[in-house]
Amino acid sequence: MAKTRKQPRKSSEESRNPKPRTRIGYGWDSHEFKARLPLKIGGVLLPHSHGLGGHSDGDVLLHALTDALLGAVAAPDIGSLFPPSDPQWRGSDSAIFLREALKRVGAAGYAVSSADTTLILSAPKIGPHTAKIRHRVAGLLGLPPDRVGIKAKTPEGMGMDHAAIAHAVVLLERKRTTRRKAVRL
Ligand SMILES: [Zn+2]
């Protein structure tokens, strides 16, 4: 007869704090290439004939990451928090959106543990800029660069040369509670 394994006992911290230890978030975004616009991806300006139009500075990678962070804590998405119809966000730095998402992650009791992303675009080549983008994104997320994945692919056979797409996943870890002093009355 197979031995039944004993269930590990919940630590006292877990019984006080029922939040899951980790949470995952996923985000996706796309923007159309437009002539005579600067191209900003992951907070880095890249030399190219076209930039990304639409909401704010069109930073497709930061938008996907922002939605991944918001989704991980079940917060409203980027379009609800920063409506594209609101003129105050026109041309604005997308790092603002990411910082707001990070604030909400912190308020929910979590910290970012790692992130992974994939860009899909036909041009320009992202390879020569990967290290710079990784450093910038890691800086914005408050992570060491070796916990941020930046990958790029071309949209083979998809007829999407006019657009840039980004996918992002983030892993959050519950922050250590600092309640011990407060609850000991
Ligand atoms: Zn966007």
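Above this note sits the structure.
Rules used throughout
- Residues numbered from 1 in each chain as written.
- Predicted model: local features only at pLDDT ≥ 70, side-chain atom pairs only at ≥ 80, totals over all residues.
- Helix = DSSP H or I, 4+ residues; strand = E, 2+ residues; numbered from the N terminus.
- Buried ≥ 20, exposed ≤ 12 C-beta atoms within 10 Å, placed from the backbone.
- Contact = placed C-beta atoms within 7 Å.
- Core = buried A, V, L, I, M, F, W, Y, C linked by C-beta atoms within 7 Å.
- Pairing = 2+ DSSP bridges.
- Axes fitted to C-alpha atoms, helices over the stretch in contact; angles between N-to-C directions.
- Parallel < 35°, antiparallel > 145°, perpendicular 65-115°, else oblique.
- Left-handed = near helix turned anticlockwise from the far one by under 90°.
- Nonpolar A, V, L, I, M, F, W, Y, C, P; charged D, E, K, R; others polar.
- Right-handed = clockwise from strand over helix to strand, strands pointing away.
- Expected span 1.5 Å × (residues − 1).
- Arc of directions from axis to C-beta.

Asks: Honestly, the overall build of the protein in this entry has me stumped. Any pointers?
Replies: Of regular secondary structure, the protein possesses 6 helices and 7 strands. Along its sequence from the N terminus, the protein presents helices and strands in the succession α-β-β-β-β-α-α-α-β-α-β-β-α. Looking at the 185 residues of the protein, the share that counts as buried comes to 33%. Considering only contacts in the protein between residues 6 or more positions apart, those separated by 24 or more positions represent 74%.

Asks: So what exactly am I meant to see when it comes to the nonpolar core here?
Replies: What tends to happen in soluble globular proteins is that the nonpolar side chains get buried as a cluster. With 39 residues, the main nonpolar core has L61, L65, L69, V105, L119 and V170 as its most contacted residues. Here this core takes 9 residues from helix α2 (residues 60-72), the largest share from any one element. Setting aside residues no more than four positions away along its own chain, L65 makes contact with G27, L98, A115, T117, A168 and V170.

Asks: Looking at this model, I keep getting lost on the pairing of strand β1 (residues 22-35). Mind explaining?
Replies: Across 11 bridges, the pairing between β1 and strand β7 (residues 163-174) is antiparallel. Across the sheet, residue G27 finds its bridge partner in β7, namely A168.

Asks: Please clarify how the packing of α2 against helix α4 (residues 95-107) should be interpreted in this entry.
Replies: Two quantities define a packed helix pair, namely the angle between the axes and the distance from one axis to the other. One can describe the packing of α2 onto α4 by two numbers: an axis separation of 9 Å at closest approach and a directional angle of 15 degrees. If you check the angle between α2 and α4, you find them roughly parallel. Seen along the crossing, α2 lies across α4 with a hand that is left-handed. Across from L62, H63, L65, T66, L69, L70 and A72 in α2, the residues of α4 making contact are A95, F97, L98, A101, L102, R104 and V105. Split by residue class, the contact of α2 with α4 holds 11 nonpolar, 2 polar and 1 charged.

Asks: So what exactly am I meant to see when it comes to the pairing of strand β6 (residues 148-153) here?
Replies: The side chains of a regular strand alternate between both faces of the sheet. Residues V148, I150 and A152 of β6 are buried on one face, while the alternating residues G149, K151 and K153, pointing to the opposite face, are not. Both strand β5 (residues 110-120) and β6 contribute to a ladder of 6 bridges, which runs parallel. Residue pairing across strands places T117 opposite I150, the latter belonging to β6. On the question of chirality, the crossover connecting β5 to the parallel β6 by way of helix α5 (residues 130-141) is right-handed.

Asks: Is there a simple way to think about α4 in this case?
Replies: Note: α-helices contain 3.6 residues per turn, so residues at a spacing of three or four share the same orientation. Its 13 residues give α4 an end-to-end C-alpha distance of 18 Å, which sits within 8% of 18 Å, the value for a rise of 1.5 Å per residue. Burial in α4 covers these residues: F97, L98, A101, L102 and V105. For α4, the angular spread of buried residues about the axis comes to 135 degrees, placing them on one side. Exposed residues on α4 whose side chains face more than 90 degrees from its buried face are K103 and A107. On its buried face, α4 sits against α2, α3 (78-81), β5, α5 and β7. In the segment just after α4, G109 is the residue with positive phi, at about 95 degrees.

Asks: Please clarify how the environment of P124 should be interpreted in this entry.
Replies: Topologically, P124 is positioned in the loop between β5 and α5. With 75 residues separating them in the primary sequence, P124 and S49 have C-alpha atoms 9.0 Å apart. Residue contacts for P124: discarding those within four places in its chain leaves L46 and H48.

Asks: What is the right way to look at the sheet that holds β7 in this model?
Replies: Adjacent strands of a sheet pair through backbone hydrogen bonds, lying either parallel or antiparallel. The sheet built from 5 strands is open, its strands ordered β4-β1-β7-β5-β6 with mixed pairing. The two strands at the open ends of the sheet, each matched to only one other strand, are β4 (50-52) and β6. Mean inter-strand twist for the sheet, computed between neighbouring axes without regard to direction, equals 20 degrees. Bridge count for β1 against β4 is 3 bridges, and the pairing is antiparallel. Looking at the pairing, A35 lines up with H50 of β4.

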